[in-house]
Amino acid sequence: MTSTGVTDEAEGSGPGGYAAARLRLLTEGARSGPPRRRALAELTDGWLAGLFGAAAQGHTGVSLVAVGGYGRGELSPRSDLDLLLLHDGRDDKAVAALADRLWYPVWDLGIDLDHSVRTPQQARKTAGEDLKVHLGLLDARHLAGDLGLTASLRTAVLADWRNQAPKRLPELRDLCAERAERQGELRFLLEPDLKEARGGLRDATALRAVAASWLADAPREGLAEARRRLLDVRDALHLATGRATDRLALQEQDQVAAELGLLDADALLRQVYEAARVISYAGDVTWREVTRVLRSRAVRPRLRAMMNARNGRNAGKPVAERSPLAEGVVEQDGEAVLARTARPERDPVLPLRAAAAAAQAGLPLSRHAVRRLAATARPLPTPWPAEAREQLVTLLGSGRPTVQVWEALEAEGLVTRLLPDWERVRCRPQRNAVHLWTVDRHLIETAVRAAGFARRVHRPDLLLVAALLHDIGKGWPGDHSVAGETIARDVAARIGFDGADTAVLATLVRHHLLLVETATRRDLDDPATVRAVAQAVGTEHTLELLHALTEADALATGPAAWSSWRGSLVADLVKRVSGVLAGEPQPEAETAAPTAEQERLAVEAFRTGGPVLALRAQTEPPAESAPAPSPSSSADGPEPLGVELLIAVPDQAGVLPAVAGVLAVHRLTVRTAELRSVPLPDGVEGSVLLLDWRVAAQYGSLPQAARLRADLVRALDGTLDIAARLAERDAAHPRRRGVEPPPPRVTVAPAASRLATVIEVRAQDAPGLLFRLGRALEAAGVRVRSAHVSTLGANAVDAFYVTRGEGVPLPGDEAASVARELEESLRG
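To keep things clear, this report deals only with the structure shown in the data block. (Residues numbered from 1 in each chain as written. Predicted model: local features only at pLDDT ≥ 70, side-chain atom pairs only at ≥ 80, totals over all residues. Heavy atoms only, no water.)

## Thoughts on the sheet that holds strand β4 (residues 141–145)
Ordered in space as β3-β2-β1-β4, the four strands form an open sheet in which the pairing is mixed. Strands at the two margins of the open sheet, each flanked by one partner only, are β3 (113–118) and β4. Within this sheet the neighbouring strands show an average axis-to-axis angle of 25°, counted without direction. Where strand β2 (residues 81–87) lies against β3, six bridges are found, and the strand directions are parallel. Bridged to leucine 84 within β3 is serine 116. Where helix α3 (residues 33–55) meets the sheet, its contacts fall on β1 (62–66), β2 and β4, and the angle it forms with β4 comes to roughly 35°. (Pairing = 2+ DSSP bridges. Helix = DSSP H or I, 4+ residues; strand = E, 2+ residues; numbered from the N terminus. Axes fitted to C-alpha atoms, helices over the stretch in contact; angles between N-to-C directions. Contact = heavy atoms within 4.5 Å.)

## A look at unusual backbone geometry
Here the bond from threonine 382 into proline 383 is cis, since omega is -5°, no more than 30 degrees from zero. Take proline 383: it is sitting in the loop between α16 (367–376) and α17 (386–396). The backbone phi angle of tryptophan 214 is positive, close to 65°, even though this residue is not glycine. Structurally, tryptophan 214 is set in the loop between α10 (201–212) and α11 (223–241).

## Concerning the packing of α17 against helix α18 (residues 401–411)
Axis angle and axis distance: for two packed helices, these are the angle between their axes and the distance between the axes, and together they describe the pair. In contact at an axis separation of 9 Å, α17 and α18 are set at 125° when each is read in the N-to-C sense. Taken together, α17 and α18 sit at an angle that is classed as oblique. Here Leu392, Leu395 and Leu396 of α17 come into contact with α18, specifically with Thr402, Val405, Trp406 and Leu409. (Parallel < 35°, antiparallel > 145°, perpendicular 65-115°, else oblique.)

## Thoughts on helix α27 (residues 564–581)
Taking 1.5 Å per residue, 18 residues should reach 26 Å; α27 reaches 25 Å between its end C-alpha atoms and fits that length. Considered for burial, the residues of α27 that qualify are Trp565, Arg566, Gly567, Ser568, Leu569, Val570, Leu573, Val574, Val577 and Gly579. The positive-phi residue at the C-terminal boundary of α27 is glycine 583, with phi of around 85°. (Expected span 1.5 Å × (residues − 1). Buried < 20%, exposed > 50% of the residue type's maximum accessible area, 1.4 Å probe, protein only.)

## Quick word on the pairing of strand β11 (residues 687–697)
Where burial is concerned, most of β11 is hidden: eight out of the eleven residues are buried. Pairing between strand β10 (residues 668–679) and β11: eleven bridges, direction antiparallel. Bridge pairing links arginine 676 to leucine 690 in β11.

Shown next as structure tokens:
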């Protein structure tokens, strides 16, 4: 006997007890999913009933009730047990002793327990005060004891829920919205919480509660399967981690995928995202219906009677007003629905027309309308008629309302019917922290952003379709821009664009990354850079479209992908390329003469024999011909683009790593760096190295120039050990353990410049990375002419223009050798 008076066998510590049976069940490879959850619940039911029977001898008016997830029989391997000990209130002392005899064996096995001891009146009162308690009691299930007591509570709780629905359902909706705001959307998160995030298991449970109210019901198609899939993933997660966790962390996704028999972590995430999409859409539809019903109930009886009186034949039945939106489409009860005269089986354009009308009116597209369209609409001919293409463009150009309408079409498979290539990008994860969305949602978000630029371009239809298709190649192996170009040509021809427009769309998809990558990684003063972009783009009209697409794409990616600084670089590149396309004469490649300030700093550096610094804030003044401000622009005037840091120092070895190291020590982010030798005025022998950098503080304010100069002097004379300082800081603030980043990659960009060899570095961003690269380049014996530093999330993409000591590009073999040395230094 244990201290609680329960036998070892009942407690589960014996070889044939609950613990051993539970372990056997969880390690059986053949049984998983719903069968295992049912078997685990049944096993637990029997064990708890045995505990209750042994402990409750002589007790009456008491029952043991499973609530919440356990009440639904959804026991994952590490789930806690939600239990209610229900009693009639006649002997509180005996009930407390009984509770101890029940709870302690559960705790002794290390199982988490969420327990309560209440009378039916207390349970109902607590439920009335706490919505979460009420939700748990809706799933109450009898385990042992007085069945009549449990049944009466279930009946009363359900009646309370239905009677209080007009008050409780808005409260539940707000609870779901608050949780979504806190946890994010399950279908877009790289490390989602399967339970708490929007579209997760809690939302699925909320939809069951709405259905139990009889006020509204959730769409049932696919909902049970989506819930089952998330539960299966949670089971595998519990087994993989050995913990009661609902967060699908990156480092555990491959193991969970293997447990479920899936190909890889991406296949796992696609299944999770698809399930979350089904639950999210069901939630949207259900909460709209709840709102509609509650609003209808709130209409005053007199007003309802007046509405009925206007329709003599249907007196006594309220008739919703129907306002026309487009041919075959009307507004009713805050939704776009099909008109009574609509004939989808004769009108193949109706799905797009209805979607466009709904988005233009800012209305959701009725689920019943979408289902009818999916079931009866004729397929569009190939190529599409002009009206279909125009309706697609109208839908894409409607801004934010496009998203919910597109999701309604997706829910019934209409998108993949219209655009078969969409299937490969649907719910496809993007394993890059810069991206906020899956590939399919990113494409729609890009169209939403592009709609805001429609007045900037001469062909907004081409811009919007390019926005929809620019990443369509991500569903195929290889370079997604190359694959996307082929797909874009096929789609454009299918939806009815002529040959010239198809060629423009293909160019936009093929080169949608060209402007931002060139502007941030290449020397814009090099004529070869500008000519290469002009040759790829072809025409000024295409350049105009590509500029707008570039900004829309970046804004739809996430906050790390666009900034005033990036925008200014892209705008500068576009201006230069536009000049080439317009036939304006281009300057020959030559080093610009130093400005008066640069010359002054150079002379001062030579005179003092040490570095001289100047800091100056940089802003982009508004131009009269500039395009309309984007959502990233400041409404109060020009935004700072960073700070220009000018450094002049007598020409010597080690300047680049010294400056980069000092900036890293002071937590300054380097955006661009240009290095060149400046001859001194006539009559003065020697030269000075001039460094023109754009920097920004990671946080806080910029350090004073005097402090930077003092540390630079020490770094150059060797009394400041930059490497030791950075290592010391890293040791004081160790990075959190996470997924191992991919190895660095260093390549030579072919034919990027006639003035220098361009070496591209792609690596995990880290404090002091530019310092390490500078040291490696110094060790390789090359001279850095300029550096273009770009960081996207955790990824650094840097380009270095390097030459031999005499200022000429490196031969091919030597350039490849330098790239290898640089890569090896980063790997080490």
